[in-house]
Amino acid sequence: SQQGEEDPQALSIQEGENATMNCSYKTSINNLQWYRQNSGRGLVHLILIRSNEREKHSGRLRVTLDTSKKSSSLLITASRAADTASYFCATEGNFNKFYFGSGTKLNVKP
Amino acid sequence: GAGVSQSPRYKVAKRGQDVALRCDPISGHVSLFWYQQALGQGPEFLTYFQNEAQLDKSGLPSDRFFAERPEGSVSTLKIQRTQQEDSAVYLCASSPIPPSSGGVNAEQFFGPGTRLTVL
């Protein structure tokens, strides 16, 4: 399977701290995306990083991609209670398939 | 502008009943995806449409699952003779371009999902 897998499965931090989530995948990719899902809602796209990029920033988000290790990390700096959600990485492989991992459940305590 | 909408938001079905789940993608989006999300898991790919063509249905778990997008816009996911293991949230997503192009706009826009409970 090409599915990305996130770790940790759950992460609990205090507001203001940084949160780091990791994603590993198995085969070559065109790009990797990170999504957020609030409880009971649909997924919201956060950031896309292409296979020829190593790092990308968007506001308080920083994503890295290491294709040699087949891994990516999502860093949320200065976390807020509103960042509490599940975070998924999605890899795009061949034949139009997107694969999502099982997610990291982030809890930011106020 | 309007995002992806899905209806119904919640559906309770008795085992053996047929259900139909509707997805209204963002207007003009070429690609449409259906996913199944079990509790505590990530979305699992079911099927993909490019306009009205169903290019990939390899994720459909059985022949009881059927999806269509006859005019290249609205899509319906039908599940026949529902079973308890079909209970999940069914997510629809659309994208303005085909995913294999890997372009900047390859992100998918998700609807809120339909939570199906089969009793």
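What counts and how
- Each chain has its residues counted from 1, following the order in which its sequence is written.
- As a convention, the first chain written is A and the first ligand written is 1, with the rest following in written order.
- Residue-level local features of this predicted model are given only where pLDDT is at least 70; pairs of side-chain atoms are given and counted only at 80 or more, and the full residue set underlies all totals for whole chains, interfaces and linings.
- Heavy atoms from the whole structure form the basis of all side-chain values; hydrogens and water molecules are not counted.
- Helix numbers and strand numbers start at the N terminus; a helix is a DSSP run of H or I with at least 4 residues, a strand a run of E with at least 2.
- Classification of residues uses two cut-offs on accessible area relative to the type maximum, computed with a 1.4 Å probe and protein chains only: under 20% is buried, over 50% is exposed, and between them is partly exposed.
- When DSSP locates at least two bridges between a pair of strands, those strands are taken to pair.
- Two kinds of site are reported from a 1 Å grid over the protein atoms alone, namely cavities, where a 1.4 Å probe fits but cannot get out, and pockets, open sets with protein on both sides within 12 Å along at least five of seven lines, and residues are called lining when an atom falls within 4 Å of a point.
- Grid points are joined across faces, edges and corners, and a volume is the space filled by probe spheres set on the points.
- Residue polarity is assigned by list, with Asp, Glu, Lys and Arg as charged and Ala, Val, Leu, Ile, Met, Phe, Trp, Tyr, Cys and Pro as nonpolar; anything else, Gly included, falls into the polar class.
- For the purposes of these results, a polar contact is taken to be a pair of N or O atoms within 3.5 Å, where, inside protein, one atom must be able to donate a hydrogen and its partner to accept one; residues adjacent in sequence count only when each atom of the pair is a side-chain atom.
- Pairs of residues are marked as contacts when any of their non-hydrogen atoms sit within 4.5 Å.

Q: Tell me about unusual backbone geometry, residues and numbers included.
A: Following D7 of chain A, the chain continues into P8 of chain A via a peptide bond in cis, with omega recorded as 0°. Following the sequence through the fold, P8 of chain A ends up in the loop between β1 (5-7) and β2 (10-14). Backbone torsion omega between S7 of chain B and P8 of chain B reads -10°, so that peptide bond is classified as cis. In this fold, P8 of chain B is placed in the loop between β1 (5-7) and β2 (10-13). Of note in this structure, N51 of chain B is not a glycine but carries a positive phi near 55°. Tracing the backbone through its elements, the reader meets N51 of chain B in the loop between β5 (44-50) and β6 (53-56). The backbone phi angle of R81 of chain B is positive, close to 45°, even though this residue is not glycine. Counting through the fold element by element, R81 of chain B comes out in the loop between β8 (75-79) and β9 (88-95).

Q: Break down the pairing of strand β11 (residues 114-118) of chain B for me, citing the residues and quoting the values.
A: Residues and elements named next belong to chain B. Only one face of β11 is covered, namely the one carrying T114, L116 and V118; the face carrying R115 and T117 has none of its residues buried. Bridge count for β2 against β11 is 4 bridges, and the pairing is parallel. Counterpart to K11 in the pairing with β11 is L116. Both β9 and β11 contribute to a ladder of 3 bridges, which runs antiparallel. When the sheet's bridge partners are listed, V89 is paired in β11 with R115.

Q: Describe the layout of surface pockets, naming the residues involved and giving the relevant values.
A: Approximately 570 Å³ is the volume found for the largest pocket. Forming the boundary of the largest pocket are 29 residues, of which Q37 and G40 of chain A together with Q37, L39 and G40 of chain B lie nearest the centre. Breaking the lining of the largest pocket down by element, the ones donating at least two residues are β9 (85-92) and β11 (104-109) of chain A together with β9 and β11 of chain B. Here the lining of the largest pocket is built from residues that sort into 9 nonpolar, 16 polar and 4 charged.

Q: Outline the side chain of H29 of chain B, supporting the account with residue identities and numerical values.
A: Residue and element names in this part refer to chain B. Among the structural elements, H29 can be located in the loop between β3 (19-24) and β4 (31-37). For H29, the side chain forms a polar contact with the side chain of S94, separated by 2.7 Å. Apart from the residues within four sequence positions on either side, H29 is in contact with R69, S94, S95, P96 and F109.

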